[in-house]
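# Analysis of the macromolecular model
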Amino acid sequence: QVQLVESGGGLVQAGGSLRLSCAASGSIFSINGMDWYRQAPGKARELVASITSGNSTNYADSVKGRFTISRDNAKNTVYLQMNSLKPEDTAVYYCHADLLRPGFRSAFSYWGQGTQVTVSS
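Model, not experiment: these values are computed from the prediction.

Turning our eyes to something else, we now look at the sheet that holds strand S1 (residues 2–7). Pairing within the open sheet is antiparallel, and its four strands lie in the order S1-S3-S8-S7. The open sheet has two edge strands with one neighbour each: S1 and strand S7 (67–72). The average undirected angle you get between the axes of adjacent strands in this sheet is 15°.

Shown next, in the form of structure tokens:
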């Protein structure tokens, strides 16, 4: 079994910062891409940032220049540093990973349980 466990969410004032972490554990051979998504009430889940195994990154236009995604392959962990937070960043943030498990040729897609980020104005 594989688990993705997020941490670091919370309540912060506009202009503040938070750092989210997502650690993957279990039967893992290697991890390909890792991503952060978010879902605000009444809205569809959207991609916030992604990072490849080679550390290439991609960001949604709404967070460019404010958020930074990074990963520690030795710890199977992905991070999301969020600065200059805005009330519209309020959402449940989900970690996602595509990874290879021992004995399997195809990658599997896993999601974390989500962590709430609330930005007050």
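Continuing now.
Should the sulfur atoms of two cysteines be covalently bonded, the bond is a disulfide. Tallying each qualifying case throughout the model produces one disulfide. A sulfur-sulfur distance of 2.1 Å marks the disulfide that ties Cys-22 to Cys-95. Between Cys-22 and Cys-95 the disulfide shows an S-S torsion of about -80°. By sign, it is left-handed. Pair noted here: Cys-22 is in strand S3 (residues 18–26) and Cys-95 is in strand S9 (residues 91–100), with a separation of 73 residues, a long-range link. The exposure class assigned to Cys-95 is buried, which follows from its relative accessible area of 0%.

The next subject is the side chain of Asp-35. Note on placement: Asp-35 falls in strand S4 (residues 30–39). Buried and unpaired, Asp-35 has no salt bridge, with Arg-71 as the nearest side chain of opposite charge at 8.2 Å. Within polar-contact distance, the side chain of Asp-35 engages the side chain of His-96 at 2.7 Å. Ignoring anything within four residues of it in the chain, the contact list for Asp-35 reads Leu-47, Ala-49, Ser-50, Ile-69, Tyr-94, Cys-95 and His-96.

This part takes up the environment of Val-5. Inspection of the secondary structure assignment puts Val-5 in strand S1. Note on Val-5: relative accessible area 42%, which makes it partly exposed. Expressed as a C-alpha distance, the spacing of Val-5 and Thr-77, which sit 72 residues apart in the sequence, is 9.4 Å. With residues near it in sequence (within four places) discarded, Val-5 still touches Ser-21, Cys-22, Ala-23 and Gln-113.

Parameters at a glance
- Residues numbered from 1 in each chain as written.
- Predicted model: local features only at pLDDT ≥ 70, side-chain atom pairs only at ≥ 80, totals over all residues.
- Heavy atoms only, no water.
- Pairing = 2+ DSSP bridges.
- Helix = DSSP H or I, 4+ residues; strand = E, 2+ residues; numbered from the N terminus.
- Axes fitted to C-alpha atoms, helices over the stretch in contact; angles between N-to-C directions.
- Disulfide = S-S within 2.5 Å.
- Buried < 20%, exposed > 50% of the residue type's maximum accessible area, 1.4 Å probe, protein only.
- Lys, Arg positive; Asp, Glu negative; His and termini not counted.
- Salt bridge = Lys/Arg side-chain N within 4 Å of Asp/Glu carboxyl O.
- Polar contact = N/O pair within 3.5 Å; in protein donor to acceptor, adjacent residues only side chain to side chain.
- Contact = heavy atoms within 4.5 Å.

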